[in-house]
Amino acid sequence: MDVQHCGYSVLVGAKGELDEDGGAVLQRSLDDVTADERDLLVDLHGVVSMDRDGLLHLLELHRRAESLGLRVLVTDWQPQPQQVMAQVAGIPGPGSATGERYALAGFCRLIE
């Protein structure tokens, strides 16, 4: 996990597997948020696999960030993590024509 504080934003770059252990590290990314920061950007391009525990940690991170007043953007879903999110959200996954298009919608559905 790589966490950078850049002006008004917190940038989190995740790599490898996002599971129970990786999710615990992800949660610590908000430990040093200041009142000046307004955005949280989570880049998943380096996450090659994710299980349901990892997805739950990602959702919890989103909730915590919003409670701190941060706007959240999760980007660059890779095929396997996207498939896990799609299965949990009940939408078509990357094997379908609509899977990638609905990655963000599925994540938003889970947050709600």
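Keep in mind the model is a prediction, meaning the values are calculated, not measured. Throughout, a residue's number is its position along its own chain's written sequence, starting from 1. Whole-chain, interface and lining totals are the exception, using all residues; otherwise, since this is a predicted model, local features are given only for residues with pLDDT of at least 70 and side-chain atom pairs are given and counted only at 80 or more. Think of the side-chain values as coming from all heavy atoms in the structure, minus any hydrogens and water.

Participant: Which residues make up the overall build of the chain, and what values go with them?
Facilitator: Looking only at helices and strands, the chain has 4 helices and 4 strands in total. For the chain, the N- to C-terminal ordering of α and β elements is β-β-α-β-α-β-α-α. Expressed as a percentage of the 112 residues in the chain, the buried residues total 41%. Put simply, of all contacts in the chain between residues at least 6 apart along the chain, 69% involve residues at least 24 apart. Values of accessible area rely on a 1.4 Å probe in the Shrake-Rupley scheme; residue burial ignores everything except the protein chains shown. Accessible area of the chain: about 6100 Å², with a carbon and sulfur share of 49%. Counting from the N terminus, the helices are the DSSP runs of H or I reaching at least four residues and the strands are the DSSP runs of E reaching at least two. Only protein chains enter the calculation, and the probe is 1.4 Å; a residue is then buried if its accessible area is under 20% of its type maximum, exposed if over 50%, and partly exposed in between. Residue contacts are defined here by distance: any two heavy atoms, one from each residue, within 4.5 Å place the two residues in contact.

Participant: Let's hear about the nonpolar core: which residues, and what values?
Facilitator: Think of a nonpolar core as a cluster: buried Ala, Val, Leu, Ile, Met, Phe, Trp, Tyr and Cys residues, connected wherever their side-chain atoms sit within 4.5 Å. Membership of the largest hydrophobic core comes to 24 residues, with the highest contact counts inside it found for Leu40, Val42, Leu44, Leu55, Leu58 and Trp77. Residues in contact with Val42, not counting those within four places in the same chain, are Val12, Leu58, Leu61, Leu73, Val74 and Thr75.

Participant: Could you give an account of the sheet that holds strand S3 (residues 39-50), naming the residues involved and the relevant values?
Facilitator: Taken in spatial order, the 4 strands line up as S1-S2-S3-S4 in an open sheet, and their pairing is mixed. Whereas interior strands pair on both sides, the edge strands pair on one side only; in this sheet they are strand S1 (2-6) and strand S4 (71-75). Taking each pair of neighbouring strands and ignoring which way they run, the sheet shows an average axis angle of 15°. When DSSP finds two or more bridges between two strands, those strands count as paired. In this sheet, S3 lies alongside strand S2 (residues 9-18) in parallel orientation, the contact comprising 9 bridges. For Leu18, the partnering residue across the bridge sits in S3 and is Met50. To obtain each axis, a line is fitted to C-alpha atoms, and for helices this fit is confined to the stretch in contact; angles are then taken between N-to-C directions over 0 to 180 degrees. This element, helix H2 (residues 52-67), spans S2, S3 and S4 of the sheet and lies at about 175° to S3.

Participant: Account for the pairing of S2, with residues named and values stated.
Facilitator: Consecutive side chains of a regular strand alternate in pointing toward one face of the sheet and then the other. Examined bridge by bridge, S1 and S2 share 5 bridges and lie antiparallel to one another. What sits directly across from Cys6, in S2, is Ser9. Linkage of S1 to S2, two consecutive antiparallel strands, is achieved through a turn of 2 residues, within which Gly7 is found at a positive phi near 60°.

Participant: I'd like a rundown of the environment of Met1, residues and numbers included.
Facilitator: Its place among the elements puts Met1 in the segment before S1. Separated by 27 residues in the primary sequence, Met1 and Arg28 have C-alpha atoms spaced 9.8 Å apart. Met1 has contacts with Val12, Gly13, Ala14, Gly22, Val25 and Leu26, leaving out every residue within four places of it along the chain.

Participant: Hey, could you go over the packing of helix H1 (residues 20-27) against H2 for me, with residue numbers and the actual values?
Facilitator: Two numbers describe how H1 lies on H2: the axes approach to 8 Å, and their chain directions differ by 10°. Here H2 runs roughly parallel to H1, going by the angle between their axes. As for the relative orientation of H1 and H2, their crossing is right-handed in sense. Contacts between H1 and H2 involve Glu20, Gly23, Ala24, Leu26 and Gln27 from the former and Asp53, His57, Leu58, Glu60, Leu61 and Arg64 from the latter. Ten residues, namely Ala, Val, Leu, Ile, Met, Phe, Trp, Tyr, Cys and Pro, are considered nonpolar, four, namely Asp, Glu, Lys and Arg, are considered charged, and the remaining ones, Gly among them, are considered polar. Across the contact of H1 with H2, the residue classes tally to 4 nonpolar, 3 polar and 4 charged. Orientation labels follow simple angle bins: below 35 degrees gives roughly parallel, above 145 gives roughly antiparallel, 65 to 115 gives roughly perpendicular, and whatever is left gives oblique. Crossing handedness is read from the near helix: turned anticlockwise from the far helix by less than a right angle, it gives a left-handed crossing, and turned clockwise, a right-handed one.

Participant: Before we move on, could you go through the packing of aromatic side chains and cite the residues and values that matter?
Facilitator: Two numbers describe a pair of aromatic rings. These are the distance of the centres and the angle of the planes. Two rings from Phe, Tyr or Trp (for Trp, the six-membered ring) form a pair when their centres are within 6.5 Å of each other. A pair whose planes differ by under 30 degrees is stacked, one over 60 is edge-to-face, and the rest are tilted. The final tally for this structure, using the stated rule, is 0 aromatic pairs. Only lysine NZ and arginine CZ atoms are considered, and such an atom sits over a ring when it is within 6 Å of the ring centre and within 35 degrees of the ring normal. For Arg38, the ring lying beneath its charged end belongs to Tyr8, and the centroid distance is 4.2 Å.

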